[in-house]
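Breakdown of the fold
Chain residues, written in single-letter form:
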Amino acid sequence: MEAIVHSGIPAADGQPKAAGECHQSIVTIEDVSFHYEQKKVIEHLNFSVLERDFVGLIGANGAGKTTLLKMIVGLLKPSQGEIRLFGQKVGTFRDWERIGYVPQKNAFNPLFPATVREVVLSGLYGKKNMFRRIGKTEQQKCEDALYAMRIEDLADRRIGQLSGGQQQRVFLARALVNNPELLILDEPTVGIDAETQAGFFRMIRHMHQHHHITFLMVSHDMDMVQSYIGSEPVQKSGTLSFYVKHTHAPENCEETNLTHSIQQLREQMEVLV
Ligand SMILES: Nc1ncnc2c1ncn2[C@@H]1O[C@H](COP(=O)(O)OP(=O)(O)OP(=O)(O)O)[C@@H](O)[C@H]1O
């Protein structure tokens, strides 16, 4: 993929980049194929998600969207090819706190007996030793994420007892609790009413424009994709289409750190309440 030259955008390590330095590739997919036994799902896919891109992934049912996301987060291994995250091979990648993942709503079992706070905290200790004590810092991150998503009043409720829109905010809080640089969303608004969907998209657009977050989102909502990202896919593979909005202007990029952005996020969340 063509390198994009820019200057002044803070790098993932927080250090400003020198003028002329290339944009970092956050997800690199190199000649990736995937088969479930005899069934070919993805063949020879090459694609890069660059820092602060908003990528919309569209495809027919069964096109391989979820399979691709699962390979990116290391749940499935490509049959062929390589995937890199922040330049490291997925197999050896350990910085999972840099990535937030919002799964498909129907991937969640509504009978799961956890409270909202426990679900959000699981975003922190999912990659750590489960027996590790949750310290004050972790608790504060959890409270910040609950507050930012305006769900602090729901913290002690069972997740299965909440509405679809409320559950969506819980999973977004869980994905944000580590203050991620990359947010991966798998059809985040399926089964949610139109007004709540519109509010949700306003929210993530705000996060993309004003916070230093890169997005990769599977969606069936062509209206949203076309109105925000663009009407022409930059790449096709089988029935998968990739739509990309580059956001490389540094002037609007404020703060990555959720603890510094919670009030802003909370104000945006007002539209969803
Ligand atoms: N565990 C599995 N074993 C065998 N085949 C599978 C498995 N999981 C998915 N598939 C098949 O692989 C293909 C791609 O599935 P995938 O879930 O990635 O598609 P998708 O694009 O996310 O579809 P949808 O829009 O319906 O969610 C489908 O034909 C599906 O039936």
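Preceding this section is the structure that the text describes.
Residues numbered from 1 in each chain as written. Predicted model: local features only at pLDDT ≥ 70, side-chain atom pairs only at ≥ 80, totals over all residues. Heavy atoms only, no water.

1. A word on the site of the ligand
Note the threshold: A molecule or strand has a residue near it when one of that residue's heavy atoms lies within 4 Å. In the analysis that follows, any N or O atom pair within 3.5 Å is treated as a polar contact, provided that within protein one partner can donate a hydrogen and the other can accept it, and provided that, for residues neighboring in sequence, both atoms belong to side chains. Residue-level accessible areas treat just the shown protein chains as cover; the underlying method is Shrake-Rupley with a 1.4 Å probe. Helix and strand definitions here come from DSSP, where helices need a minimum of 4 consecutive H or I residues and strands a minimum of 2 consecutive E residues; each element is numbered from the N-terminal end. Side-chain classes are defined by residue name, with Ala, Val, Leu, Ile, Met, Phe, Trp, Tyr, Cys and Pro counting as nonpolar, Asp, Glu, Lys and Arg as charged, and the others, Gly among them, as polar.
Taken together, 14 residues lie near the ligand, and Lys39, Gly62, Gly64, Lys65 and Thr67 sit nearest. Take Thr67: an N or O atom from its side chain is 2.5 Å from an oxygen atom of the ligand. The protein chains hide 60% of the 640 Å² of surface that the ligand would expose on its own. Elements that contribute at least two residues to the shell around the ligand include exactly strand 2 (39-50) and helix 1 (65-72). Here the element with the most residues in the shell around the ligand is helix 1; it accounts for 3 residues. Grouping the constituent residues of the shell around the ligand by class yields 4 nonpolar, 7 polar and 3 charged.

2. Thoughts on the environment of Val119
Which entries qualify depends on this criterion: We call two residues in contact whenever any of their non-hydrogen atoms come within 4.5 Å of each other.
Relative to the helices and strands, Val119 is located in helix 2 (residues 116-125). Note: C-alpha distance between Val119 and Phe171 (52 residues apart in sequence) is 7.7 Å. Those residues in contact with Val119 that lie beyond four places of it in its chain are Ala114, Ile159, Val170, Phe171 and Arg174.

3. So, the pairing of strand 7 (residues 182-186)
For a regular strand, side chains alternate in direction, first toward one face of the sheet and then toward the other. For clarity, the threshold we go by: Relative accessible area decides the class of each residue, using a 1.4 Å probe on protein chains only: under 20% of the type maximum gives buried, over 50% gives exposed, and in between gives partly exposed. A pair of strands is labelled paired if DSSP reports no fewer than 2 bridges between them.
Across the 5 residues that make up strand 7, a large majority, 5, are buried. In strand 7, alternate side chains face the same way, and those of Leu182, Ile184 and Asp186 on one face and Leu183 and Leu185 on the other are all buried. Note that strand 7 and strand 8 (residues 214-218) share 5 bridges and pair parallel. Its bridge partner being in strand 8, Leu182 is matched across the sheet by Thr214.

4. A short note on the packing of aromatic side chains
Put simply, the test is: What counts as a ring pair is set by centres within 6.5 Å for rings of Phe, Tyr and Trp (its six-membered ring), and what kind of pair is set by the plane angle: stacked under 30 degrees, edge-to-face over 60, tilted for all other angles. Here, a charge over a ring means that NZ of Lys or CZ of Arg falls within 6 Å of the ring centre while also lying within 35 degrees of the ring normal.
A complete count under the given rule lists 7 aromatic pairs for this structure. A centroid spacing of 4.7 Å and a plane angle of 75° characterise the contact between Phe34 and Tyr36, whose relative ring orientation is edge-to-face. Within the aromatic cluster, the residues linked to one another by ring pairs are Phe54, Phe215 and Tyr228. The ring of Phe86 has Arg98 lying over it, and the distance from NZ or CZ to the ring centre is 3.9 Å.

5. Some points on the environment of Leu76
Relative to the helices and strands, Leu76 resides in the loop between helix 1 and strand 4 (80-85). Residues Leu76 and Phe34 lie 42 residues apart in sequence; the distance between their C-alpha atoms is 9.1 Å. Leave out the neighbours within four places in its chain, and Leu76 touches Phe34, Tyr36, Thr67, Lys70 and Met71.

6. Brief notes about the sheet that holds strand 2
Put simply, the rule is: Here an angle of 0 to 180 degrees is reported between the N-to-C directions of two axes, which are lines fitted to C-alpha atoms, with helices fitted over the stretch in contact.
Strand order across the open sheet formed by 4 strands is 2-1-4-5, with antiparallel pairing between neighbours. The sheet is open, and its two edges are formed by strand 2 and strand 5 (88-89), each paired on a single side. Both strand 1 (residues 25-36) and strand 4 contribute to a ladder of 5 bridges, which runs antiparallel. Across the sheet, residue Ser33 finds its bridge partner in strand 4, namely Gln80. Helix 1 rests against strand 1, strand 2 and strand 4 of the sheet, and its axis sits at about 120° to strand 1.

The values are spatial; any link to function lies outside them.
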